[in-house]
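Observations on chain architecture
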Amino acid sequence: MSLTNTVTAEDLIRISGVDPSKCMQCGKCSGACPSYDEMEYHPHQFVAMVRKGQIEKLMASDAIYQCLSCFACLERCPRNVEPAKLIEAVRVAVIRQQGMNHMTANDIPEKLDEKLPQQAIVSAMRKYSK
Amino acid sequence: MQRIGVFVCWCGSNIAATVDVKAVAEAAKHEPGVVFSTDYQYMCSENGQAMIREAIKEHRLTGVVICSCSPRMHEATFRKTAVSAGLNPYMVEIANIREQCSWIHKDMAEGTEKAIILARAAIAKVHLNAPLVAGTSPVTKRALVIGGGIAGIQTALDIADAGFEVDIVEKAPTIGGRMAQLDKTFPTLDCSACILTPKMVDAAQHEKINIISYAELDSLSGFVGNFTAKIRKKARFIDETKCTGCGICTEKCPSRKGLNDFNMGLNTRGAVYIPFAQAIPNVAVIDSAQCIHFRTGKCGLCEKNCSAGAIKFDQKDEILEREYGAIVVATGFKPIDASAFNEYAYSDSPDVVTSLEFERIMNAAGPTKGKLVRPSDGKHPHEIVFIQCVGSRCTEDATKGKPYCSKICCMYTAKHAMLVREKYPDVKVHVFYIDARTPGKNFDEFYRRAVEQYDVDYIKGMVGKVSVEQDHLHVQGSDLINNEQIHINADMVVLATAIEPDPTARALGTMLTASMDTNDFFTEAHPKLRPVESPTAGVFLSGVAQGPKDIPETVAQAGAAAAKVIGLLCKNELTCNPCVAHANEALCNGCSQCERVCPYGAITYEDKEVRSPEFRGIKRIAVVNGAICQGCGACTVTCPSGAMDLKGFSNSQIMAEVDAICR
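Computed from a prediction, not measured in an experiment: that's the story for all the values here.

Below, the discussion takes up the state of the cysteines. Residue and element names in this part refer to chain B. Going through the model one piece at a time under the given rule, you end up with one disulfide over all chains. Between Cys 191 and Cys 194 runs a disulfide, and the two sulfur atoms are separated by 2.4 Å. What sets the handedness of the Cys 191 and Cys 194 disulfide is the S-S torsion sign, and at about 85° it is right-handed. There is no disulfide at Cys 598, and the cysteine sulfur nearest it, in Cys 632, is 6.3 Å away.

As structure tokens, this is what we get:
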């Protein structure tokens with residue numbers, strides 16, 4: 001994925017490791033979702049829309065920030081599709097398009113907080129660097 | 001030197017589109033021993049076979065190579081053709097240039113090259129072929145049916161009606177199986193017990209049927225037509241010949257803690273019990289784990305009260321040895337354990353039940369006498385949620401559940417919903433479904449009746465979570481049609497749990513050397529054309545043991561399996577496969593390694609007098625029983641001295657093929 005080109009379904013599939021074709025659209029993810037009412041698009045729609053290549057709508061939607069990453073959808077999916085990872089991939093795609101505002105190793109010391117799990121820092125590195 | 005004819009088949013365009021058949025026929029002409037070579041559009045057709053017959057006579061062929069489809073498809077056809085022209089059938093070799101060549105290649109040049117190599121290998125083998133004569137083995141005219149549910153009962157009745165003896169071995173104390181537990185049956189809503197129990201009685205009264213209940217297959221030896229089974233008849237601590245089934249012992253028994261399996265553990269029973277009123281045999285059984293006498297040595301109330309003197313605390317397991325010509329596997333299914341699905345709170349609330357538990361609750365002979373009440377407090381429920389596909393249609397990499405559709409759940413859920421609405425119109429019924437799968441005669445009409453006439457609320461979507469609240473269950477799910485998440489306060493939740501093969505199936509499959517799939521369903525010999533036969537000769541499949549199916553399909557398959565068994569048992573003898581192992585006496589050292597690897601027990605040892613230049617005296621030598629040997633070849637590769645060889649597939653023949661391929 002380049003920073004200038006549009007994001008494709010293949011990009012999201014590669015970033016997330018999710019195979020949307022496995023989904024049988026049962027809706028159990030959306031039945032489990034605690035943020036359902038806040039979200040414009042729901043977990044099962046993320047999977048369906050990526051499959052159909054409707055990426056721009058997802059990237060423009062606030063739904064990506066209303067997902068709590070609670071992983072209920074991922075845990076309960078009978079087909080191991082892992083919608084939460086796909087939503088995360090859309091978020092990452094949006095952030096990467098916003099330019100070079102990603103974290104560097106030098107930013108870490110000032111952000112360290114004893115209450116903050118180290119894993120969060122590491123995953124932030126992964127998320128915000130290209 | 002053999003005089004070999006080569007016949008290259010086009011199989012329409014199946015072979016000819018990817019393999020230059022003329023080039024194959026031409027190349028074969030130059031192989032040693034080949035005196036005739038041709039190609040034809042359909043070798044298996046009557047014209048094609050006539051061509052082979054004429055060539056055998058005209059060119060005095062001693063061996064034939066057919067370059068065509070897999071030998072599984074038409075080897076038997078071409079062997080018959082050879083026989084009708086006076087050739088030994090084992091002088092025919094097939095070069096598989098369809099499945100192993102044209103179907104897997106796209107490039108004509110590559111396909112043709114491989115086809116020529118395969119033809120060459122077959123020609124090299126025919127040079128070493130020798131005429132073989134098949135022997136015969138007798139057929140024991142009795143069948144063994146493993147499992148006494150509707151599948152086993154129907155198969156047994158059909159075989160017995162044809163005049164053959166049948167033994168039904170059932171692991172439970174009574175026959176009847178899962179169908180006996182059901183309340184009503186779809187799509188006619190007739191009472192399950194009312195249609196099943198007469199069949200149970202028919203089986204019990206049939207002079208040709210012998211029911212061996214509370215018993216399991218311990219071991220099996222032999223082969224098609226000649227099986228010997230050891231059946232373990234478990235101690236029920238009751239003399240079956242004396243017990244009258246009066247039930248006094250079951251009333252007097254002071255132990256009341258054993259869970260009632262027949263009611264899916266929804267209530268308890270005595271340590272001595274009769275599973276249900278119409279049980280066959282109508283004989284009590286003692287659960288020794290619960291019995292006070294077995295635990296403390298005291299009590300014995302049942303013994304004191306039994307006027308027939310049938311209680312036998314000292315009864316032991318008994319081993320019966322019986323011979324059979326055919327075996328039918330009808331081991332059925334069980335629902336999967338719903339407690340793996342924490343999100344549905346099955347382990348947290350007694351008001352979350354499986355469909356089979358619900359079946360017992362709705363049944364007039366069940367724990368609530370057919371009154372629909374909440375298991376937790378016995379109150380009348382006002383709102384019920386049914387969840388379909390619980391554990392069905394999951395991917396292999398999901399943490400739980402089965403990859404297949406359990407097939408029966410859509411219909412029984414529609415039935416449950418309808419029955420509830422019929423008996424209790426005040427109860428609201430919701431069904432969460434992914435797809436309503438209702439193929440079958442009058443099935444979709446049945447489901448539509450639930451929606452249209454009984455006003456059952458079908459919601460396309462799945463439940464994500466069931467949480468236990470103060471006096472109700474909070475059900476949260478998605479409604480995909482309305483694009484909303486819905487919340488229902490339900491009194492009961494019913495899970496349409498997936499079904500899986502009975503846990504005894506895997507061990508049984510190993511014992512019978514019958515193949516199974518990764519889900520432990522028995523595999524059929526051909527998924528379309530031989531659906532009731534196992535690939536293991538003499539083993540037949542009936543009911544859910546082979547794959548999920550409903551009652552009408554089970555009964556149809558049971559009858560089909562019976563027809564196959566009857567076809568086998570009415571033969572007086574079976575032709576054996578002559579491609580069996582044999583030991584070269586000069587080379588055999590009697591080391592016993594072949595005996596140990598033989599899966600069929602076909603090898604024994606004899607002391608034989610040997611007079612050869614190297615050795616003179618008595619020698620221990622392996623002897624193969626040709627009727628038992630299945631020609632698997634395990635002994636030939638195990639034998640350290642190279643004494644074992646397989647007729648028709650000898651080491652020299654196989655090496656000749658390899659040499660021809662590598663040439």
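Moving on from the model shown.
Of all residues in chain A, 87% have pLDDT values of 70 or greater, and the mean over the chain is 86. When mean pLDDT is compared element by element in chain A, helix α2 (residues 28-32) of chain A scores highest at 97, while helix α9 (residues 118-128) of chain A scores lowest at 69.

On to the side chain of Arg 393 of chain B, then. Among the secondary structure elements, Arg 393 of chain B is positioned in the loop between β21 (383-390) and α12 (409-423). The contact partners of Arg 393 of chain B, leaving out residues within four places of it in the chain, are Met 24, Pro 78 and Arg 79 of chain A together with Lys 402, Pro 403, Tyr 404, Cys 405, Ile 434, Asp 435 and Arg 437 of chain B.

With that settled, consider the confidence of the model for chain B. Here chain B averages 95 in pLDDT, and 100% of its residues register 70 or above. Scored as a whole, the predicted complex attains pTM 0.85, and scored at its interfaces, ipTM 0.83.

Residues and elements named next belong to chain B. Tallied over the full model, the rule gives ten aromatic pairs over all chains. Summarising the aromatic geometry, the rings of Phe 262 and Phe 276 are spaced 4.4 Å apart at their centres and angled 15° between planes, so their arrangement reads as stacked. A residue pair is termed long-range when its members are at least 10 positions apart, and Phe 262 in the loop between β13 (258-259) and β14 (268-269) and Phe 276 in the loop between β15 (272-273) and β16 (285-286) qualify at 14 residues. Judged by relative accessible area, Phe 276 falls into the buried class, the value being 10%. On the basis of an interplanar angle of 90° and a centroid distance of 5.5 Å, the ring pair of Phe 358 and Phe 386 is categorised as edge-to-face. Within this pair, whereas Phe 358 is found in helix α11 (residues 355-362), its partner Phe 386 is found in strand β21, the two being separated by 28 residues in sequence. Take Phe 358 and Phe 386: they sit in the same class, and that class is buried. Taken together, the ring pairs connect Phe 237, Phe 294 and Phe 313 into an aromatic cluster. For Arg 142, the ring lying beneath its charged end belongs to Tyr 324, and the centroid distance is 5.9 Å.

Another aspect to go through is helix α3 (residues 71-84) of chain B. All names here are of chain B. Taking 1.5 Å of rise per residue, the 14 residues of α3 would be expected to cover 20 Å, and the 19 Å separating its terminal C-alpha atoms lies within 8% of that figure. Of the residues making up α3, those classed as buried are Phe 78, Arg 79, Thr 81 and Ala 82. All buried residues of α3 lie within an arc of 160° about the axis, which places them on one face of the element. Turned more than 90 degrees from where α3 packs its buried face, Ala 76 and Lys 80 sit exposed. You can read the cap of α3 off the contacts: a side-chain oxygen lies 3.0 Å from the backbone nitrogen of Arg 72, and it is on Ser 70. One or two residues past the end of α3 sits Gly 86, with phi positive at roughly 90°.

All names here are of chain B. Judged by nonpolar contacts, the single largest core of 57 residues is most densely connected at Ile 159, Ile 209, Val 565, Leu 569, Ile 603, Ala 622 and Met 644. Top contributing element to this core by residue count: helix α6 (residues 150-161), with seven residues. One finds Val 34, Ile 56, Leu 118 and Val 126 within the second-largest nonpolar core, a separate group that totals 38 residues.

Before going further, it helps to examine the domain arrangement of chain A. The domains assigned to chain A are domain 1 (9-99) and domain 2 (101-130). A C-alpha centroid distance of 24 Å is found between domain 1 of chain A and domain 2 of chain A.

Now for a nonpolar patch on the surface. Residues Phe 649, Ile 654, Met 655 and Val 658 of chain B make up a contiguous nonpolar surface patch of roughly 340 Å² in combined accessible area. Checked against the element boundaries, Val 658 of chain B lands in helix α18 (residues 651-662).

Attention shifts here to the interface of chain B and chain A. Residue-level contacts link 22 residues of chain B with 20 residues of chain A. The junction of chain B with chain A conceals about 1,700 Å² of combined surface from both sides, 48% of it contributed by carbon and sulfur atoms. Taken together, the connections running from chain B to chain A amount to two salt bridges. The salt bridge partner of Lys 28 of chain A is Glu 343 of chain B, with a shortest N-O separation of 2.7 Å.

About the thresholds
- Residues numbered from 1 in each chain as written.
- Chains lettered and ligands numbered in written order.
- Predicted model: local features only at pLDDT ≥ 70, side-chain atom pairs only at ≥ 80, totals over all residues.
- Heavy atoms only, no water.
- Disulfide = S-S within 2.5 Å.
- pLDDT = per-residue confidence, 0-100.
- Helix = DSSP H or I, 4+ residues; strand = E, 2+ residues; numbered from the N terminus.
- Contact = heavy atoms within 4.5 Å.
- Phe/Tyr/Trp six-rings, centres within 6.5 Å; stacked < 30°, edge-to-face > 60°.
- Buried < 20%, exposed > 50% of the residue type's maximum accessible area, 1.4 Å probe, protein only.
- Lys NZ or Arg CZ within 6 Å of the ring centre and 35° of its normal.
- Expected span 1.5 Å × (residues − 1).
- Arc of directions from axis to C-beta.
- Polar contact = N/O pair within 3.5 Å; in protein donor to acceptor, adjacent residues only side chain to side chain.
- Core = buried A, V, L, I, M, F, W, Y, C linked by side-chain atoms within 4.5 Å.
- Domains from an automatic or database assignment.
- Patch = residues over 30% accessible without salt bridge, like charges linked within 9 Å, V, L, I, M, F, W, Y side chains within 5 Å.
- Areas by Shrake-Rupley, 256 points an atom, 1.4 Å probe, with all protein chains shown as cover.
- Salt bridge = Lys/Arg side-chain N within 4 Å of Asp/Glu carboxyl O.
- Buried area = accessible area lost by both parts, 1.4 Å probe.

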